[in-house]
Amino acid sequence: MVYPRKVTGFFYAGADVALQTIVAPAANTNGVIVTSAGMHVITDNTRARVMAKASAPTSVDDSTALTLCIGGYGLIKPTLVSSMPCVLPPGVGLYAQKSDANAGATYFCDYEVL
């Protein structure tokens, strides 16, 4: 039987191109359940990702980070949503970033730190 989970964290960010730390690896001592993640990309040359990694990703294009949600890359999409819950093991951080400070992209993420 599946029971609903209580979402204890909500993240929303917009204009900043800098890496956004949603949950730092050091704060994830027992795991994190990500219940949904998504973004709204309105500029076709903007790349945006919600991602997970044990250390801070080097850029929005970091190939070693696990992608939870991705958008842009030449395709204008009003909303991209990952609604399949996933569990991040202890020591893995949760991040969001976009590639262009002058372009429109916002992110959101619902999560529970265990």
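Anyway, here's the lowdown on the structure attached to this text. The structure presented is a predicted model; accordingly, all values stated were derived computationally and were not measured.

## Some thoughts on the side chain of Arg49
Link 1 in the chain: Relative to the assigned elements, Arg49 resides in strand β4 (residues 47-53).
Link 2 in the chain: Buried charge without a partner: Arg49 forms no salt bridge, and the closest opposite charge is Asp61, 5.8 Å away.
Link 3 in the chain: Within the structure, the side chain of Arg49 is placed 2.9 Å from the backbone oxygen of Val60, a separation counted as a polar contact.
Link 4 in the chain: At 2.7 Å, the side chain of Arg49 and the side chain of Thr67 are in polar contact.

## A look at the pairing of β4
Link 1 in the chain: Counted residue by residue, β4 has 6 buried out of 7 residues, so it is predominantly covered.
Link 2 in the chain: In this structure, β4 lies alongside strand β8 (residues 93-98), joined through 6 bridges in antiparallel fashion. Residue pairing for β8: Ala48 is matched across the bridge by Lys98.

## A look at the pattern of salt bridges
Link 1 in the chain: Tallied over the entire structure, the rule returns 1 salt bridge.
Link 2 in the chain: Linking Asp62 and Lys53 is a salt bridge whose minimum nitrogen-to-oxygen distance equals 2.7 Å.
Link 3 in the chain: Under the relative-accessibility criterion, Lys53 is labelled buried at 16%.

## Regarding the state of the cysteines
Link 1 in the chain: Under the counting rule described, the total for this entry stands at 0 disulfides.
Link 2 in the chain: As a non-bridged cysteine, Cys86 has Cys109 as the owner of its nearest cysteine sulfur, 8.2 Å distant.
Link 3 in the chain: A relative accessible area of 22% places Cys86 in the partly exposed class.
Link 4 in the chain: With a relative accessible area of 0%, Cys109 lands in the buried category.

## Comments concerning the pairing of strand β3 (residues 32-41)
Link 1 in the chain: Judged by how many residues are buried, β3 sits mostly within the fold: 8 of 10 residues are covered.
Link 2 in the chain: Pairing of β3 with strand β7 (residues 86-88) involves 3 bridges; the strand directions are antiparallel. Paired with Val34 across the strands is Cys86, a residue of β7.
Link 3 in the chain: In this structure, β3 lies alongside strand β9 (residues 105-113), joined through 9 bridges in antiparallel fashion. Residue Met39 lies in a different strand from β9, and its bridge partner there is Tyr107.

Conventions and cut-offs
- Residues numbered from 1 in each chain as written.
- Predicted model: local features only at pLDDT ≥ 70, side-chain atom pairs only at ≥ 80, totals over all residues.
- Heavy atoms only, no water.
- Helix = DSSP H or I, 4+ residues; strand = E, 2+ residues; numbered from the N terminus.
- Buried < 20%, exposed > 50% of the residue type's maximum accessible area, 1.4 Å probe, protein only.
- Lys, Arg positive; Asp, Glu negative; His and termini not counted.
- Salt bridge = Lys/Arg side-chain N within 4 Å of Asp/Glu carboxyl O.
- Polar contact = N/O pair within 3.5 Å; in protein donor to acceptor, adjacent residues only side chain to side chain.
- Pairing = 2+ DSSP bridges.
- Disulfide = S-S within 2.5 Å.

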